[in-house]
Amino acid sequence: MNLAELLPADWRAELAGFLDEKETTALGEFVAAEYAEHTIYPPIEDLFAAYRLCPPEQTRVLILGQDPYHGAGQAQGLSFSVREGVRIPPSLRNVFKELAEDVGVAPPKSGDLTGWARQGVLLLNAVLTVRAGAAASHGGKGWEAFTDATIKALNARNERVVFLLWGGYARKKAALITNPAHAVLEAGHPSPLNPKGFRGARPFSAANKALADGGRPLIDWDPRAEPVAG
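Residues numbered from 1 in each chain as written. Predicted model: local features only at pLDDT ≥ 70, side-chain atom pairs only at ≥ 80, totals over all residues. Heavy atoms only, no water.

For the chain, the name recorded in an unreviewed UniProt entry is Uracil-DNA glycosylase, with Paractinoplanes atraurantiacus as its organism. Quoted straight from UniProt, the Subcellular location (unreviewed entry) entry for the chain says "Cytoplasm". (UniProt positions renumbered as here; feature names shortened; annotations may be inferred.)

Right, dumping it as structure tokens:
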């Protein structure tokens, strides 16, 4: 499996200088074998959905998750997001509660965040695949270097990107963001198991303020909104 060839052409060009060819080849071999031998989420056609829906030049915000949901029908290649009709996971329920309190968006009935992605929010997981029923089963297999390369590529751009890093794992990635053109907003993880640090952080209004300060269009944080050019 040639992972670079599966990427949209614009992202392939963007990541070219940040990926190690041998590491990416080994990762592709591992991922191909896993899809062949096990039930893997997301479906392979959604493996790079985040990249397909959010081109690099349109990326204004990055929200980093850890790895995909491992239940049947949940993962769709976008961090925190689940398919239409799937029960909204607890962490995403907390995101929606914060969304309502922060910017007044009524909690959506669907957990599908495709609307955010189409507006320029890169919903990236640090690990892009997982075995069914086995959380974090593909951690440490090479995806981390691949998605770190994505963060580094965005860091190299001079148009402002706002990095929303929620939870200890995501916050470690702040070290990769060295370009003063960008903004890093850290908070606790939205999981209900983490009672402090996320609720009340007001990340959505803070992200839009950072975008405005950087001269970039704002995000309409209602996932049901139509995409806005920019």
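Moving on, there is more to tell.
S.K.: Help me understand the sheet that holds strand β2 (residues 61–65) in this model?
M.R.: Hydrogen bonds between backbone groups are what pair the strands of a sheet, and the pairing can be parallel or antiparallel. Reading across from one edge, β3-β2-β5-β6 is the order of the 4 strands in this open sheet, with parallel pairing throughout. Two strands lie at the open edges of the sheet, namely β3 (121–125) and β6 (183–187), each paired on one side alone. Pairwise comparison of adjacent strand axes, ignoring direction, gives a mean angle of 20 degrees for this sheet. In the sheet, β2 pairs with strand β5 (residues 162–166) via 4 bridges, with the strands oriented parallel. From the neighbouring strand, Ile 63 faces β5, where its bridge partner is Leu 164. Set on the sheet, helix α9 (residues 203–213) makes contact with β2, β5 and β6; between it and β5 the angle comes to about 160 degrees. (Pairing = 2+ DSSP bridges. Helix = DSSP H or I, 4+ residues; strand = E, 2+ residues; numbered from the N terminus. Axes fitted to C-alpha atoms, helices over the stretch in contact; angles between N-to-C directions. Contact = heavy atoms within 4.5 Å.)

S.K.: Sorry if this is basic, but what is going on with a nonpolar patch on the surface here?
M.R.: Judged by side-chain polarity, Met 1, Leu 6 and Ile 44 come together as a nonpolar surface patch covering roughly 240 Å² of accessible area. Looking at the secondary structure, you find Met 1 in the segment before α1 (3–6). (Patch = residues over 30% accessible without salt bridge, like charges linked within 9 Å, V, L, I, M, F, W, Y side chains within 5 Å. Areas by Shrake-Rupley, 256 points an atom, 1.4 Å probe, with all protein chains shown as cover. Salt bridge = Lys/Arg side-chain N within 4 Å of Asp/Glu carboxyl O.)

S.K.: Help me understand the packing of aromatic side chains in this model?
M.R.: Two aromatic rings, taken as a pair, are described by how far apart their centres are and by the angle between their planes. Counted under the stated rule, the structure contains 12 aromatic pairs. When the ring of Trp 11 is compared with that of Tyr 51, the centres are 5.2 Å apart and the planes differ by 90 degrees; the resulting orientation is edge-to-face. Note that Trp 11 is positioned in helix α2 (residues 9–15) and Tyr 51 in helix α4 (residues 49–53), a separation of 40 residues in sequence. Both residues of the pair, Trp 11 and Tyr 51, belong to the buried class. Through successive ring pairs, a cluster of aromatic residues spans Phe 80, Trp 116, Trp 166, Phe 198, Phe 204 and Trp 221. (Phe/Tyr/Trp six-rings, centres within 6.5 Å; stacked < 30°, edge-to-face > 60°. Buried < 20%, exposed > 50% of the residue type's maximum accessible area, 1.4 Å probe, protein only.)

S.K.: For this particular structure, what's the right way to read the UniProt feature "domain: Uracil-DNA glycosylase-like" (unreviewed entry) in the chain?
M.R.: In the UniProt entry, the feature "domain: Uracil-DNA glycosylase-like" (unreviewed entry) is given for residues 52–211. In residues 52–211, helix accounts for 30% and strand for 14%; the two terminal C-alpha atoms are 22 Å from one another.

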